[in-house]
Amino acid sequence: MRIAFDAKRLFNNFTGLGNYSRTLLNDLAQSDSDTKWFLCADRLQQNERTVPFFNKVDYQLIQPPKNKLLWRQFGIVEDLKQNRIQLYHGLSNELPLGLRAAGIKQIVTIHDLLFYQFKEDFPWFDRQIYDWKFSSACGKADKIIAISEHTKSEIVDKYGIEPNKIEVIYQSCDTQFFRPVAEEAMNR
């Protein structure tokens, strides 16, 4: 199978969404050697966290031509078709336009709908954009991954999505958190 991922956060975010993207892609690549993994990003940062994803054996990069405005929303579909992508996974709440018309299956991960609960923390314009992106992605997706039961129930309530279209899959964890901690370190 040929699967592409929105890797913008993987290469450019070094907290929540970036950590989720890197850990998920690493875990998937280790568990399935027959799948071809494609990472779509308009900007790349190379550092100790991202260097494994520059390995052309495990991952292939798909990038836009220089200065391609709005590539992640519109232009990416042509690149996905050229690479014979069968499934596209939007790792951070959004999907590009035109995937269905191109015959590409689509999955989106929705992390939370905090902009509804904490309106005071999000400017009005940002809330409108998030609502449009999330609603659009949930409507277009063949499957939605929610990171918790609470997120699933919010998607059902806010966007009227059928619950059977949503799979709850808890986020993976970086292996650094698997190391045993000495008793004296826990008691400090």
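See above for the structure.
It should be emphasised that the depicted structure is a prediction, and the values quoted were computed from it without experimental measurement. For every chain, the first residue of the written sequence is number 1, and numbering continues from 1 along that sequence. Given that the model is predicted, a residue must reach a pLDDT of at least 70 before its local features are reported, and side-chain atom pairs must reach 80 or more before they are shown or counted; all residues, however, enter totals for whole chains, interfaces and linings. Side-chain descriptors were evaluated using all non-hydrogen atoms of the structure, hydrogens and water having been removed beforehand.

Draft legend 1. Main features of the state of the cysteines. Disulfides are defined in this document as cysteine sulfur pairs within 2.5 Å. As enumerated under the stated definition, the model contains 0 disulfides in all. The structure places no disulfide on Cys-40, whose sulfur is separated from the nearest cysteine sulfur, that of Cys-138, by 20 Å. To sort residues, take the accessible area from a 1.4 Å probe on protein chains only and compare it with the maximum for the residue type: under 20% means buried, over 50% means exposed, and anything in between is partly exposed. Since its relative accessible area comes to 0%, Cys-138 is described here as buried.

Draft legend 2. Structural context of the environment of Arg-49. Comment: elements are numbered from the N terminus, with helices defined as DSSP H or I runs of at least four residues and strands as E runs of at least two. By secondary structure assignment, the location of Arg-49 is in the loop between strand E2 (36-40) and strand E3 (59-62). Overall, the relative accessible area of 38% leaves Arg-49 in the partly exposed class. Ignoring sequence-local partners within four residues, the contact set of Arg-49 consists of Phe-14, Asn-19 and Arg-22. Polar contact is the term for a pair of N or O atoms within 3.5 Å; when the atoms are in protein, one must be able to donate a hydrogen and the other to accept it, and sequence-neighboring residues count only if both atoms are side-chain atoms. A distance of 2.7 Å separates a polar side-chain atom of Arg-49 from the backbone oxygen of Phe-14. A contact between two residues is defined here by any heavy atoms of the two lying within 4.5 Å.

Draft legend 3. Summary view of the nonpolar core. Take the buried residues of types Ala, Val, Leu, Ile, Met, Phe, Trp, Tyr and Cys, join any two whose side-chain atoms come within 4.5 Å, and each joined set is a nonpolar core. Counting residues in hydrophobic clusters, the biggest one holds 27 residues, and the most contacted among them are Cys-40, Leu-80, Tyr-88, Ile-110, Ile-144, Ile-155 and Tyr-159. At the level of elements, E2, helix H3 (71-82), strand E5 (105-110), helix H5 (124-140), strand E6 (143-146) and helix H6 (149-159) are the ones that each hand at least two residues to this core. Counting residues per element, this core draws most heavily on H3, which supplies 4 residues. With near-sequence residues (within four places) excluded, Ile-144 lies in contact with Val-108, Ile-110, Cys-138, Ile-155, Ile-161, Lys-165, Ile-166 and Glu-167. Among the nonpolar cores identified, the runner-up in size contains 18 residues, and Ile-3, Phe-5, Ala-7 and Ile-107 belong to it.

Draft legend 4. Structural view of a nonpolar patch on the surface. Exposure above 30% relative accessible area and no salt bridge define the residues that can form patches, which grow by joining like charges within 9 Å and nonpolar side chains of Val, Leu, Ile, Met, Phe, Trp and Tyr within 5 Å. Surface accessibility follows the Shrake-Rupley procedure with a 1.4 Å probe radius. Residue values consider only the protein chains on display as shielding. What makes a salt bridge here is a side-chain nitrogen of Lys or Arg within 4 Å of a carboxyl oxygen of Asp or Glu, nothing more. Nonpolar side chains collect at one region of the surface, where Trp-124, Phe-125, Ile-129 and Tyr-130 lie side by side and expose about 430 Å² of accessible area between them. Assignment of secondary structure puts Tyr-130 in helix H5. Residue Tyr-130 is classed as partly exposed on the basis of its relative accessible area of 30%.

Everything listed here is a matter of coordinates, which is why it stays silent on function.
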